[in-house]
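The lines below spell out each chain.
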Amino acid sequence: MTAPVTLQFLGASGTVTGSKYLVEAGERRLLVDAGMYQGAKELRLRNREPFPDASTLDLVVVTHAHADHTSYLPALVNQGFSGPIFCTQGTARLAEIVLRDSAYLQELETENAIRGGYSKHAHPEPLYTKADAEWTIELFQTVEFDTDVALGHGVVARWTRAGHILASASVNVTIDGVAVLFSGDLGRESHPVVRHRDTPPGARWVLCESTYGDREHEDPAVAHVAMADAITRTVARGGSVVIPAFAIDRTEAVLHALVALQREGRIPEVPVLVDGPMSMRALDVYRDMPEELAEGVTVEDFLGLRRLEEVRTSRQSRKARDEKGSRIIISSSGMLEGGRVLSWLQKLLPDEKNCVVIVGYQGEGTRGRDIIEGARHVKINGRHVPVRAEIVDENGFSAHAGASELVSWVAALDPRPETVFLVHGEPGSAAALEERIETELGITTVVARHGEKVLLSEPVDEDLEDSEE
Ligand SMILES: [Zn+2]
């Protein structure tokens, strides 16, 4: 008799970060995605809870490189996991960047806690170290898209493009004949830079992300009007434009838009700087993998700016900040919570000639959210910096499918799912999507609850004990 196959939601359930889904069949255990929680403190504290028996995990499957799907991998290794981590080649390359950055931040935070004496622990330790991140990178095994791959332990998986960031995927996992499809993060039906999403083979059980389950994206007839006009105005009055952007994918999407605007003559030709080590490393991956770019898109379409400057080192960055003249600066972090963008803001925010163009979602409690909501000053490096620069919200960028694009992804699946579990969404978004899929597609749809375990194979004797926390 084969063991029952179960699925447990260990993260990104009722929230958007910390993706971790555990599939078990008897002694065999595999994890799909291993992200850390970000944002609110009560969520981040969960990163410190030990993973249940990390050393007995057989393997990990990764959908894409974003930190909320990968940055817990070194914590698993730190807790004794030593099996293979399967992902696409582009994901492996981007994840290396993410994991090294994350380990650096873990160590830095711990050093600061020791120095500042503000840790509750006598000897605070990082969740993992740079060495753990290097061990983790050694465990990556890359797979091809659109091919059934035998992962060992009776597991077969297939990666299908998800069109969210470079080389991102939905993954269909089969164990003992039981198939479950993980959407990963789904892109819009088309992405400006990377290959568009495809329809994966369906499965009886489907996990679907629900980030924008309650919202639709607008597609205006003319793209990026707010950003183009802001740049034109700012340059005309002799100011500079800062565009805070997530290091992976948003930087490339913004560059792609700037190239198009320049070609159309809709913005003046001023130097465009990409400032940040992580942004530059990610840009290198996009540059090196033309096979992952959308049909008809070439590297020139996002790097073909006439005056593009790549700022890698902090010395180059300091020098760039001292230079005069109007410029466009693309720098991370996207929500103004760290990174070199803060030094730029410190310099440029106090002058009303300048402009900040917000191109991404700004989480509650972030500096980005504060300035969008009209804060008169923001605290940067211990100082209150006055916000006199113009603040512009450009909402024409999104790497996540809107509600109808999530419904259409589910609708296209063959075979049709019996149950859709909604993950990776705030409660309101997930609830709205639940209702839409139920009413429009007539498929049983469940908002996953943290810690909940469900049975995927046929029931044998009695119902599975509810093992919710
Ligand atoms: Zn993502």
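Residues numbered from 1 in each chain as written. Predicted model: local features only at pLDDT ≥ 70, side-chain atom pairs only at ≥ 80, totals over all residues. Heavy atoms only, no water.

Chemist: Can you tell me about a nonpolar patch on the surface, naming the residues and giving the values?
Modeler: Taken together, the side chains of Tyr 104, Leu 105 and Leu 108 make up a nonpolar region of the molecular surface, amounting to roughly 250 Å² of accessible area. Secondary-structure assignment places Leu 108 in helix 4 (residues 89–116). Given a relative accessible area of 31%, Leu 108 falls into the partly exposed group. (Patch = residues over 30% accessible without salt bridge, like charges linked within 9 Å, V, L, I, M, F, W, Y side chains within 5 Å. Areas by Shrake-Rupley, 256 points an atom, 1.4 Å probe, with all protein chains shown as cover. Salt bridge = Lys/Arg side-chain N within 4 Å of Asp/Glu carboxyl O. Helix = DSSP H or I, 4+ residues; strand = E, 2+ residues; numbered from the N terminus. Buried < 20%, exposed > 50% of the residue type's maximum accessible area, 1.4 Å probe, protein only.)

Chemist: Please set out the environment of Ala 247 residue by residue, giving values where relevant.
Modeler: Within the element layout of this structure, Ala 247 appears in the loop between strand 12 (241–244) and helix 7 (250–263). By relative accessible area, which is 8% here, Ala 247 ends up buried. Sequence separation of Ala 247 and Glu 24 is 223 residues, and the distance between their C-alpha atoms is 34 Å.

Chemist: Can you tell me about the side chain of Glu 405, naming the residues and giving the values?
Modeler: Following the sequence through the fold, Glu 405 ends up in helix 13 (residues 403–411). Among the polar contacts made by the side chain of Glu 405, one reaches the side chain of Arg 188 at a distance of 3.2 Å. A polar side-chain atom of Glu 405 sits 3.2 Å from the main-chain amide nitrogen of Glu 189. Beyond its immediate stretch of four places on either side in the chain, Glu 405 contacts Arg 188, Glu 189, Arg 197 and His 217. (Polar contact = N/O pair within 3.5 Å; in protein donor to acceptor, adjacent residues only side chain to side chain. Contact = heavy atoms within 4.5 Å.)

Chemist: Account for the side chain of Ser 168, with residues named and values stated.
Modeler: Along the chain, Ser 168 turns up in the loop between strand 8 (155–161) and strand 9 (169–175). For Ser 168, a relative accessible area of 2% corresponds to the buried category. With near-sequence residues (within four places) excluded, Ser 168 lies in contact with Thr 63, His 64, Thr 91, Phe 145, Thr 160, Arg 161, Ala 162 and Gly 163.

Chemist: Account for the coordination of the zinc ion, naming residues and giving values.
Modeler: Coordination of the zinc ion by the protein is provided by His 64 (NE2), His 66 (ND1), His 164 (NE2) and Asp 185 (OD), with metal-donor distances spanning 2.2 to 2.3 Å. With 4 donor atoms in place around the zinc ion and angles of 89 to 165 degrees between them, the coordination shape is irregular. For the zinc ion, the donor residues sit on a single chain with the sequence spacing H-x1-H-x97-H-x20-D. With His 66 in the loop between strand 4 (59–61) and helix 2 (67–70) and Asp 185 in the loop between strand 10 (178–182) and strand 11 (205–209), this residue pair connects regions lying 119 residues apart in the sequence. The exposure classification of His 66 matches that of Asp 185, with both residues buried. (Donors = N, O, S within 2.8 Å, 3.2 Å for Na, K, Ca; no water. Tetrahedral: all angles 85-135°; square planar, octahedral: opposite > 155°, others 65-115°.)

Chemist: Before we move on, can you summarise the pattern of salt bridges with the specific residues and values?
Modeler: Across all of its chains, the model carries 34 salt bridges by this definition. Arg 204 is the partner of Glu 418 in a salt bridge, and the nearest nitrogen-oxygen pair spans 2.8 Å. Taken together, the residues Glu 418 in the loop between helix 13 and strand 20 (419–423) and Arg 204 in the loop between strand 10 and strand 11 connect sequence positions 214 residues apart. What makes Arg 204 partly exposed here is its relative accessible area of 33%. Between Asp 351 and Lys 353 there is a salt bridge whose closest N-O contact spans 3.0 Å. By relative accessible area, Lys 353 is classed as partly exposed at 33%. What you see here is one network of salt bridges that share partners, running through Asp 284, Arg 287, Glu 310 and Arg 312.

Chemist: Can you lay out the pairing of strand 20 for me, pointing to particular residues and giving the numbers?
Modeler: Buried residues dominate strand 20, accounting for 5 of its 5 residues. By the alternation rule, side chains of strand 20 split into Thr 419, Phe 421 and Val 423 and Val 420 and Leu 422, which are all buried. Pairing of strand 11 with strand 20 involves 5 bridges; the strand directions are parallel. Following the sheet pairing, Cys 208 is matched in strand 20 by Leu 422. (Pairing = 2+ DSSP bridges.)

Chemist: Got a sec to walk through the nonpolar core? Specific residues and values, please.
Modeler: The biggest cluster of nonpolar side chains holds 111 residues, and the ones touching the most others in it are Leu 76, Leu 94, Trp 159, Met 227 and Leu 258. Each of domain 1 (5–215 + 399–455) and domain 2 (225–393) contributes no fewer than three residues to this core. For Met 227, the contacting residues outside a window of four places in its chain are Ile 243, Ala 257, Leu 258, Leu 261, Val 357, Val 359, Glu 394 and Phe 397. In terms of nonpolar packing, the next biggest core, distinct from the first, is built from 20 residues, Leu 342, Ile 358, Ile 371 and Val 385 among them. (Core = buried A, V, L, I, M, F, W, Y, C linked by side-chain atoms within 4.5 Å. Domains from an automatic or database assignment.)

Chemist: Report on the sheet that holds strand 2 (residues 20–25), specifying residues and quantitative values.
Modeler: In spatial order, the strands read 6-5-4-3-2-1-22; together these 7 strands make up an open sheet with mixed pairing. Each edge of the open sheet is held by one strand with a lone partner, namely strand 6 (140–143) and strand 22 (453–455). On average, each strand axis in the sheet is inclined to that of its neighbour by 25 degrees, with strand direction left out of account. Sheet topology note: the strand 3 (residues 28–34)/strand 4 ladder contains 3 bridges and is parallel. Residue pairing in the sheet places Leu 31 in a bridge with Val 60 of strand 4. Across the sheet, helix 4 is in contact with strand 5 (85–88) and strand 6; its angle to strand 5 comes to roughly 115 degrees. (Axes fitted to C-alpha atoms, helices over the stretch in contact; angles between N-to-C directions.)

Chemist: Give me the packing of aromatic side chains: which residues, what numbers.
Modeler: Within this structure, the stated rule accounts for 4 aromatic pairs. Each ring, one from Phe 9 and one from Tyr 21, has its centre 6.3 Å from the other, and the planes form 80 degrees; the classification is edge-to-face. Here Phe 9, found in strand 1 (residues 5–9), pairs with Tyr 21, found in strand 2; they are 12 residues apart in sequence, far enough to count as distant. As far as burial versus exposure is concerned, Phe 9 and Tyr 21 are alike and both buried. One aromatic cluster in this structure is built from Phe 9, Tyr 21, Phe 182 and Phe 421. Directly above the aromatic system of Tyr 72 lies the positively charged group of Lys 20, at a separation of 4.8 Å from the ring centroid. Its end group placed over the ring of Phe 145, Arg 161 keeps NZ or CZ at 3.9 Å from the ring centre. (Phe/Tyr/Trp six-rings, centres within 6.5 Å; stacked < 30°, edge-to-face > 60°. Lys NZ or Arg CZ within 6 Å of the ring centre and 35° of its normal.)

Chemist: Hey, could you go over the domain arrangement of the chain for me, with residue numbers and the actual values?
Modeler: We note that the domain assignment places domain 1 (5–215 + 399–455) and domain 2 (225–393) within the chain. Each of domain 1 and domain 2 was reduced to a C-alpha centroid, and the two centroids are 29 Å apart. Across the contact, 22 residues belong to domain 1 and 20 residues belong to domain 2. Interface area, domain 1 with domain 2, both sides summed: about 1800 Å², of which 67% is carbon and sulfur. Area buried by domain 1 at its contact with domain 2 is led by Ile 97, Leu 166 and Val 193, which between them contribute 33% of it. Scanning the region where domain 1 abuts domain 2 turns up 8 residue pairs in polar contact (both at pLDDT 80 or more). Top contributing element to the side of domain 1 that touches domain 2 by residue count: helix 4, with 7 residues. (Buried area = accessible area lost by both parts, 1.4 Å probe.)

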